[in-house]
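Chain by chain, the residues run as shown.
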Amino acid sequence: EAGVVQSPRYKIIEKKQPVAFWCNPISGHNTLYWYLQNLGQGPELLIRYENEEAVDDSQLPKDRFSAERLKGVDSTLKIQPAELGDSAVYLCASSLGGFRNEQFFGPGTRLTVL
Amino acid sequence: QKEVEQNSGPLSVPEGAIASLNCTYSDRGSQSFFWYRQYSGKSPELIMSIYSNGDKEDGRFTAQLNKASQYVSLLIRDSQPSDSATYLCAVRQSGSARQLTFGSGTQLTVLP
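What comes next is a walk through the structure. This structure is a prediction, so every number in the text was calculated from the model and none was measured.

Further remarks concern the overall build of chain B. Scanning chain B from terminus to terminus reveals zero helices and 11 strands. Secondary structure elements in chain B, listed N-terminal to C-terminal, are β-β-β-β-β-β-β-β-β-β-β. Computed over C-alpha atoms, the radius of gyration of chain B comes to 13 Å, within 12% of the 13 Å expected from 2.2 N^0.38 for 112 residues, which places it in the range of a compact globule. Projected onto the principal axes, the alpha-carbon positions of chain B cover approximately 45 × 30 × 20 Å. The buried share among the 112 residues of chain B stands at 48%. Partitioning the contacts of chain B with sequence separation of at least 6, the portion at a separation of at least 24 is 54%. When the accessible surface of chain B is split by element, carbon and sulfur atoms take 44% of a total near 5,000 Å².

Structure, rendered in C-alpha cells:
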C-alpha cells in the first residue's frame, strides 16, 4: 500500500513569492491534515479536511495561507506571499477516521524563505 | 502551559539497555495516545498507539498508559543504535474529533 505522497520535497524561494505544496493521501483515507513543524518542535496542525470539507482551520493564518481539497482526495496548501518566518517543514498526514484515528505522515516539504 | 510535555533530552543509553521515554498531558479527558519516531531529516513514523490503561507490547516496544496520573510512556527493550531518533508523544484530547496535540519530542541516542 502506497503511503502519503508529497511534493516538492524541498523548496527555496525569496520572501514575498508564492509557493504551493501538494499532497496525495493514502487510498481510502477520508481525513487529511496539514501540519507545520519547526526545528525541535512537534508538528502543529494547520488545517484538517473530512473529505472535501475543511472542518478545522482555526490555526491556519488565513491572510496568507489557503488550502483546498478538490474531489476529496488530493490537497494543495498555498502561501502567498511567503515571509521569512514561514521557513519550516510542511507535513501532510491522512487517517481513516473513527475512534482510533491513527495518522500517517508523508515525507514533508522543507521550505526555505530567503 | 504546554498541553503535552516531554523531556527534550538528549537521553543516552548503551546498546542493549532499556530506554524509557515519558510524556505527561494536561487534558484529563484525553482518549487516544500515540508514539511517533522521527529520524533526523525525516517525517514522523507511527510506532505505537494505546487507548486504555495498562501496557501494550509490540516487539521491543511497550507503551504504558496511566490516565489517573495523566502519564504515558514508551519502553524500548534491547535498544539498538538504529533506535536513535526523536520520539514524539501525541494525544487526542477530549472534544478534538481528529486533532492530535504533539509534544516537542525526546531525542534518544543509543551508544554502541
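With 20 residues of chain B in contact, the opposing surface of chain A contributes 26 residues. Taken over both partners, the interface formed by chain B and chain A buries close to 1,800 Å², and the fraction arising from carbon and sulfur atoms is 49%. The tally of links from chain B across to chain A stands at zero salt bridges. In this assembly, chain B and chain A are joined by six residue pairs in polar contact (both at pLDDT 80 or more). Only strand 4 (32-38), strand 5 (45-50), strand 9 (85-92) and strand 10 (100-102) of chain B provide two or more residues apiece to the side of chain B that touches chain A. Ranked by residue count, the leading element in the side of chain B that touches chain A is strand 4 of chain B, at four residues. Its residues assigned to classes, the side of chain B that touches chain A comprises nine nonpolar, nine polar and two charged.

Now for the sheet that holds strand 7 (residues 61-66) of chain B. Residue and element names in this part refer to chain B. Spatial ordering of the open sheet is given by 1-3-8-7-6, a layout of five strands whose pairing is antiparallel. Taken across any chain shown, the strands that pair with only one partner, and hence form the sheet edges, are strand 1 (4-6) and strand 6 (54-58). Ignoring which end each strand starts from, the neighbouring axes of this sheet average 20° apart. Direction of pairing for strand 3 (residues 19-25) relative to strand 8 (residues 71-76): antiparallel, over a ladder of six bridges.

A word on the pairing of strand 3 of chain B. All names here are of chain B. Side chains of strand 3 alternate between two faces, with Ala19, Leu21, Cys23 and Tyr25 buried and Ser20, Asn22 and Thr24 left unburied. Bridge analysis of strand 1 against strand 3 gives three bridges, and the strand direction is antiparallel. Within strand 3, the residue paired with Glu5 across the bridge is Thr24.

Next up on the list: the state of the cysteines. Between two cysteines, a covalent bond joining their sulfur atoms is known as a disulfide. Within this structure, the stated rule accounts for two disulfides over all chains. Across the disulfide, A:Cys23 is cross-linked to A:Cys92 (sulfur-sulfur distance 1.9 Å). Negative torsions about the S-S bond denote left-handed disulfides, and the value of about -70° found for A:Cys23 with A:Cys92 makes this one left-handed. Taken together, the residues A:Cys23 in strand 3 (residues 19-24) and A:Cys92 in strand 9 (residues 88-95) connect sequence positions 69 residues apart. Each of the two residues, A:Cys23 as well as A:Cys92, counts as buried. With a sulfur-sulfur separation of 2.1 Å, B:Cys23 is cross-linked through a disulfide to B:Cys89. Judged by the torsion about the S-S bond (-70°), the B:Cys23/B:Cys89 disulfide is left-handed. Of the two residues, B:Cys23 sits in strand 3 while B:Cys89 sits in strand 9, which places them 66 residues apart along the sequence.

Residue and element names in this part refer to chain A. Judged by pairing direction, the sheet is antiparallel, and its four strands sit side by side in the order 1-3-8-7 without closing on themselves. Every other strand in the sheet has two partners, leaving strand 1 (5-7) and strand 7 (65-68) as the edge strands with one partner each. Strand-to-strand twist of the sheet, defined as the mean angle between neighbouring strand axes without regard to direction, takes the value 15°. By the bridge criterion, three bridges tie strand 1 to strand 3 in an arrangement that is antiparallel.

A separate point is the environment of A:Gly40. Mapping A:Gly40 onto the fold places it in the loop between strand 4 (31-37) and strand 5 (44-50). Separated by 12 residues in the primary sequence, A:Gly40 and A:Glu52 place their C-alpha atoms 32 Å from one another.

Analysis parameters
Residues numbered from 1 in each chain as written. Chains lettered and ligands numbered in written order. Predicted model: local features only at pLDDT ≥ 70, side-chain atom pairs only at ≥ 80, totals over all residues. Heavy atoms only, no water. Helix = DSSP H or I, 4+ residues; strand = E, 2+ residues; numbered from the N terminus. Rg over C-alpha atoms; globule rule 2.2 N^0.38 Å. Buried < 20%, exposed > 50% of the residue type's maximum accessible area, 1.4 Å probe, protein only. Contact = heavy atoms within 4.5 Å. Areas by Shrake-Rupley, 256 points an atom, 1.4 Å probe, with all protein chains shown as cover. Buried area = accessible area lost by both parts, 1.4 Å probe. Salt bridge = Lys/Arg side-chain N within 4 Å of Asp/Glu carboxyl O. Polar contact = N/O pair within 3.5 Å; in protein donor to acceptor, adjacent residues only side chain to side chain. Nonpolar A, V, L, I, M, F, W, Y, C, P; charged D, E, K, R; others polar. Pairing = 2+ DSSP bridges. Axes fitted to C-alpha atoms, helices over the stretch in contact; angles between N-to-C directions. Disulfide = S-S within 2.5 Å.

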